[in-house]
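Tertiary structure, described
Below, each chain spelled out in residue letters.
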Amino acid sequence: GEDVEQSLFLSVREGDSSVINCTYTDSSSTYLYWYKQEPGAGLQLLTYIFSNMDMKQDQRLTVLLNKKDKHLSLRIADTQTGDSAIYFCAETRGRGADGLTFGKGTHLIIQP
Amino acid sequence: DAGVTQSPTHLIKTRGQQVTLRCSPKSGHDTVSWYQQALGQGPQFIFQYYEEEERQRGNFPDRFSGHQFPNYSSELNVNALLLGDSALYLCASSQRGVYNEQFFGPGTRLTVL
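The text that follows walks through the structure, step by step, so that each part is easy to find. Computed from a predicted structure; not experimentally measured.

All right, on to the sheet that holds strand β3 (residues 19-24) of chain B then. Strand-to-strand pairing in sheets goes through backbone hydrogen bonds, with the strands running parallel or antiparallel. Residues and elements named next belong to chain B. Spatial strand order, β1-β3-β8-β7: four strands in an open sheet with antiparallel pairing. A strand with exactly one partner marks an edge of an open sheet, and here the two such strands are β1 (5-7) and β7 (64-68). Each adjacent strand pair in this sheet contributes to an overall mean axis angle of 20°, direction not counted. By the bridge criterion, five bridges tie β3 to strand β8 (residues 74-78) in an arrangement that is antiparallel. Bridge pairing in β8 places V19 opposite V78.

A few words on the side chain of S73(A). Inspection of the secondary structure assignment puts S73(A) in strand β8 (residues 71-76). Setting aside residues up to four positions removed in sequence, S73(A) forms contacts with V19(A), I20(A), N21(A), W34(A), T62(A), V63(A) and L64(A).

For the rest of this paragraph, the subject is the interface of chain A and chain B. Taken together, the contacts link 22 residues of chain A with 22 residues of chain B. Buried surface at the junction of chain A and chain B, summed over both partners, amounts to about 1800 Å²; 51% is from carbon and sulfur atoms. At the boundary of chain A with chain B, the tally comes to zero salt bridges. Summed over the shared surface of chain A and chain B, the result is five residue pairs in polar contact (both at pLDDT 80 or more).

Our next topic: the sheet that holds β8(A). Residue and element names in this part refer to chain A. Ordered by their spatial adjacency, five strands build an open sheet running β1-β3-β8-β7-β6, and the pairing between neighbours is antiparallel. Looking at which strands have only one partner, the edges of the open sheet turn out to be β1 (4-6) and β6 (55-58). The sheet shows a mean angle of 15° between the axes of neighbouring strands, direction not considered. Taken together, the six bridges between strand β7 (residues 61-66) and β8 define a ladder with antiparallel strand orientation. Across the sheet, N66 pairs through a bridge with H71, a residue of β8.

On to the state of the cysteines. Residues and elements named next belong to chain A. The full count for this structure, using the stated rule, is two disulfides over all chains. C22 shares a disulfide with C89; S-S distance 2.0 Å. One disulfide, between C22 and C89, carries an S-S torsion of -65° and so falls in the left-handed class. With a gap of 67 residues between them, C22 in strand β3 (residues 18-24) and C89 in strand β9 (residues 85-92) connect regions that are remote in the sequence. Comparing C22 with C89, the two get one shared label, buried.

This part covers a nonpolar patch on the surface. Side chains of L8(A), F9(A) and I109(A) sit close together on the surface and give an oily, nonpolar patch of about 310 Å² of accessible area. Within the fold, L8(A) resides in the loop between β1 and β2 (9-13).

About the criteria used
Residues numbered from 1 in each chain as written. Chains lettered and ligands numbered in written order. Predicted model: local features only at pLDDT ≥ 70, side-chain atom pairs only at ≥ 80, totals over all residues. Heavy atoms only, no water. Pairing = 2+ DSSP bridges. Helix = DSSP H or I, 4+ residues; strand = E, 2+ residues; numbered from the N terminus. Axes fitted to C-alpha atoms, helices over the stretch in contact; angles between N-to-C directions. Contact = heavy atoms within 4.5 Å. Buried area = accessible area lost by both parts, 1.4 Å probe. Salt bridge = Lys/Arg side-chain N within 4 Å of Asp/Glu carboxyl O. Polar contact = N/O pair within 3.5 Å; in protein donor to acceptor, adjacent residues only side chain to side chain. Disulfide = S-S within 2.5 Å. Buried < 20%, exposed > 50% of the residue type's maximum accessible area, 1.4 Å probe, protein only. Patch = residues over 30% accessible without salt bridge, like charges linked within 9 Å, V, L, I, M, F, W, Y side chains within 5 Å. Areas by Shrake-Rupley, 256 points an atom, 1.4 Å probe, with all protein chains shown as cover.

Here it is as structure tokens:
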């Protein structure tokens, strides 16, 4: 099966909170990441969390990690039209030394 | 401070040809990783270069090879192109030992006809 799994689509109304979920299988994952990709563009690193943390907040973004269930989520508060993009969850075991394993991405669709 | 840059932006090749893609890392970064992103998929790790050597490799055949230069820039070479090699090729740079924060370039769109 997939190493990192995500739902393909999420639709939210402008101003609401978006919660994008991800599950991973590798229990030795050390670092978990959220990347954003807009159409025709490369990937933008949004945030990351170490496996020994369970929460990280950065402005409108909140990352929650449940290591027992191998579940990662990204909450975007007050979702705006500019948040419309594909969001990728990724994991790695290394420290500056390993390639990232990505999910297939979640398309975030913003309704007016 | 320029971020990660890649060239060319787009490339069209035919089956059986060879291609070279280039990447310049973000200033201060010494590690370069290459990824292949097929349409509708997440990026897949090809390999990583540090100190001019390939340090880690994903599940890609030997047709995919690379190089890192003393100035940390890197090339990705693909031989005997197949239709299935059509994808967005992404380069990411990082500073080894710094929490593996990988910063991505805009990518090179390769189309194989």
